[in-house]
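# A look at the structure
If you want the building blocks of each chain, they are given just below.
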Amino acid sequence: MSTPPVQFPVTWAPRRTRAVLLPVCVLLVALFSAMAVLLPENWQLNDRIMMIASGVLFAGVGLMLARPRVSADAEGVTVVNFVRRRRLAWAEIVRVNFRQGDPWATLDLADGTSLAAVGIQSGVGKDQAIANARALRDLVEHHAQI
């Protein structure tokens with residue numbers, strides 16, 4: 001059995017996106033909470049609660065946008081997109097696609113469907129995204145030979 005092209009476990013994620021979104025989410029909750037406290041006295045308690053809830057809702061959307069990642073280990077790949085998480089065995093992945101103009105990589109699966117792998121995206125830089133997609137492709141090809 002040959003050794004894989006990279007050391008397991010490996011995770012690909014848009015780190016700069018997370019580095020921006022996480023502090024923004026904290027700032028949104030703090031800002032909306034401060035606004036709720038500083039509202040004029042004629043605003044009622046339910047208005048203040050809704051102001052804080054709005055901040056939490058916006059932060060929740062930001063956290064969803066920060067979720068995407070693709071993780072690989074010896075048993076397979078875990079794809080975490082905005083809302084869903086899916087675990088795939090190596091045998092389930094037929095091919096990794098990242099064509100010019102695609103916003104993120106897609107995985108062609110053995111059941112004939114495809115799955116977006118948003119954790120490998122061009123938003124982090126085209127060259128880095130291509131290198132990440134190639135690394136995942138090499139892992140898929142390596143496990144197809146085993």
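Residues numbered from 1 in each chain as written. Predicted model: local features only at pLDDT ≥ 70, side-chain atom pairs only at ≥ 80, totals over all residues. Heavy atoms only, no water.

## A word on the overall build of the protein chain
Put simply, the rule is: Helix and strand definitions here come from DSSP, where helices need a minimum of 4 consecutive H or I residues and strands a minimum of 2 consecutive E residues; each element is numbered from the N-terminal end. Within these notes, the globule rule equals 2.2 Å times the number of residues to the 0.38 power, and the radius of gyration is based on C-alpha atoms. Throughout this description, buried means an accessible area under 20% of the type-specific maximum (1.4 Å probe, protein chains only), exposed means over 50%, and partly exposed covers the range between. Contacts were defined at the residue level, with two residues in contact if any of their heavy atoms lie within 4.5 Å. Note that accessible areas follow from Shrake-Rupley with a 1.4 Å probe, and for residues the cover is restricted to the protein chains shown.
When you go through the protein chain residue by residue, the secondary structure sums to three helices and seven strands. The linear arrangement of helices and strands in the protein chain, starting from the amino end, is β-α-α-β-β-β-β-β-β-α. Its C-alpha radius of gyration of 20 Å places the protein chain more than 25% over the 15 Å reference for a compact globule of 146 residues. Counting all 146 residues of the protein chain, 35% fall into the buried class. Here the contacts in the protein chain between residues at least 6 apart in sequence split such that 47% fall between residues at least 24 apart. As displayed, the protein chain offers around 9,000 Å² of accessible surface, 60% of which is attributable to carbon and sulfur atoms.

## Remarks on the packing of aromatic side chains
Applicable threshold: Pairing of aromatic rings covers Phe, Tyr and the six-membered ring of Trp, with a centre-to-centre limit of 6.5 Å; geometry is then stacked below 30 degrees between planes, edge-to-face above 60, and tilted otherwise.
Under the definition given, this model contains three aromatic pairs. Ring centres of Phe-82 and Trp-104 lie 6.3 Å apart, and the angle between their planes is 75 degrees; this geometry places the pair in the edge-to-face category. Remark: Trp-104 occurs in strand S6 (residues 104–109) and Phe-82 occurs in the loop between strand S3 (76–80) and strand S4 (85–89); sequence separation between them is 22 residues. Here Phe-82 falls in the partly exposed class, since its relative accessible area comes to 28%.

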